[in-house]
Amino acid sequence: LGAVLGGDVSRSKSPAIHNAAFEAVRVAGTYGAFSVDDDGFRPLVRSLADRGYRWVNVTIPHKLAAAEMAQKRAPAVDASGAANTLVFRTDARGRLRIEAHNTDGAGILAALADLGVKVRRGTKVVVVGAGGAAAGALLALLEAGAETHVLARRPSAARALARRMPAEPRARVKAGAWTHRTLARALSNADVLLSAVPADAWASDEALAGLEGLPRGAVVSEMAYGATTPLARAVRARTARYQDGLP
């Protein structure tokens, strides 16, 4: 038994993906989806563990809370402060032990490679967002050598995310407020725009105005998925290398 947990996962494709995978490899498994608010997240995790679930995946807005409630954290979780996977174990006394993992970074690097971008030293990436989704992605980008610029509606959140990164790559992070002017400036010499915010965060004229700085042919990768998101519609006139979060 497995599931995805998030603020609203009513349209999540994760159950279809995982259940098809179970069938393909002939595993007797079932994967579901549970929408839950902040107050209900921790009780739901413990309830699912008690009901025999082996693991859960975690999406917006619970990735930071997921990391905090684990007894064991993978290095990527410790460094980013965010988890997208919780694995349930029991110790010798039968007590629940939760392991936290973060696979977002590996997924982002693979998705960018699909678009022809192998992130390396000197690759310039603008990350919009500073929550749990951005955290795992930022760590992987830095470890691959990228120069990054993190922009968020709350600049304090962007700066806090930068400070959580390991000391050596932290020097390659700029952090600040997300406005149309700062986005346009950051994008002016960017190779990649990575959106780590919900799709509707782009549903305003001010948000979209910053895309005027996007270089022709730059790569745009969105961690949200859906071919008709506001960002997808806005960038298709500027680049053929857009991809939503499904990969």
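Residue numbering note: each chain is counted from 1, following its sequence as written. In keeping with the predicted nature of the model, local features appear solely for residues at pLDDT of at least 70, side-chain atom pairs appear and are counted solely at 80 or more, and the whole-chain, interface and lining totals rest on all residues. As a rule here, side-chain values come from all non-hydrogen atoms in the structure, and water together with hydrogens is ignored.

1. Looking at the sheet that holds strand β10 (residues 192-195)
- The parallel open sheet is built from six strands, whose spatial order is β9-β8-β7-β10-β11-β12. This sheet does not close on itself; its edge strands, each paired only once, are β9 (173-177) and β12 (242-243).
- Two strands qualify as a pair provided that DSSP identifies no fewer than 2 bridges between them. Runs of E in the DSSP output that reach at least two residues are strands. Runs of H or I that reach at least four are helices, and both are numbered from the N terminus. Note: strand β8 (residues 147-152) against β9, five bridges, orientation parallel. In the strand pairing of β9, Leu151 is matched with Gly176.
- Contacts were defined at the residue level, with two residues in contact if any of their heavy atoms lie within 4.5 Å. Every axis in this analysis is a line fitted to C-alpha atoms, fitted for helices over the stretch in contact. Angles between the N-to-C directions lie between 0 and 180 degrees. Packed on one face of the sheet, helix α6 (residues 132-143) meets β7 (124-128), β8, β9 and β10 and runs near 165° to β8.

2. Regarding the sheet that holds strand β4 (residues 72-73)
- Read from one edge to the other, the open sheet built from six strands follows the order β2-β1-β3-β5-β6-β4, with strand pairing classed as mixed. Two strands in the sheet have a free side with no partner beyond their single neighbour: β2 (31-35) and β4.
- Alignment of strand β1 (residues 2-6) against strand β3 (residues 55-58), held across four bridges, turns out to be parallel. Residue pairing across strands places Gly2 opposite Trp55, the latter belonging to β3.
- Each of β1, β2 and β3 is contacted by helix α1 (residues 14-24), which is oriented at about 165° to β2, the strand it contacts most.

3. What about helix α9 (residues 180-187)?
- Every buried residue of α9 is listed here: Thr182, Leu183, Ala184, Ala186 and Leu187.
- In this structure, the buried side of α9 is in contact with β7, β8, β9, β10 and α10 (205-209). Working definition: with a 1.4 Å probe on protein chains only, accessible area under 20% of the residue-type maximum means buried, over 50% means exposed, and in between means partly exposed.

4. Structural notes on the environment of Arg73
- Position of Arg73 relative to the elements: it lies in strand β4.
- Look at Arg73 and you get partly exposed, because its relative accessible area is 35%.
- In the structure, Arg73 is positioned 151 residues away from Ala224 in sequence and 25 Å away in space, judged by C-alpha atoms.
- When near neighbours in sequence (up to four residues on either side) are disregarded, Arg73 contacts Ala67, Glu68, Asp78 and Ala100.
- N or O atoms within 3.5 Å of each other form a polar contact, as long as, within protein, one can give a hydrogen and the other can take it, and as long as residues adjacent in sequence are counted only when both atoms are side-chain atoms. Among the polar contacts made by the side chain of Arg73, one reaches the main-chain carbonyl oxygen of Ala67 at a distance of 2.8 Å.

5. Some thoughts on the environment of Leu109
- Mapped onto the elements of the fold, Leu109 is located in helix α5 (residues 104-114).
- Spatially, the C-alpha atom of Leu109 lies 7.4 Å from that of Ala140, the residues being 31 residues apart in sequence.
- Those residues within four positions of Leu109 in sequence are excluded, and the remaining contacts are Val119, Ala140, Leu141 and Ala144.

6. Examining the pairing of β2
- The pairing of β1 with β2 spans five bridges and is classified as parallel. Counted as the bridge partner of Gly2 is Tyr31 from β2.
- On the question of chirality, the crossover connecting β1 to the parallel β2 by way of α1 is right-handed. Crossover handedness is defined here as right-handed if the route from the first strand over the helix to the second strand goes clockwise, with the strands pointing away from the viewer.

7. Quick notes on the nonpolar core
- Grouping buried Ala, Val, Leu, Ile, Met, Phe, Trp, Tyr and Cys residues that are joined through side-chain atoms within 4.5 Å yields what is termed a nonpolar core. Residues Leu112, Val127, Leu141, Val150, Leu161 and Leu194 are the most contacted members of the largest nonpolar core, which totals 32 residues.
- Elements with a contribution of two residues or more to this core: α5, β7, α6, β8, α7 (155-164) and β10.
- Every residue in contact with Leu194, bar those within four places of it in the chain, is listed here: Ile108, Val125, Val126, Val127, Val128, Ala137, Leu141, Ser221 and Met223.
- Ranked by size, the runner-up nonpolar core spans 22 residues in total, among them Ala3, Leu44, Leu48 and Tyr53.

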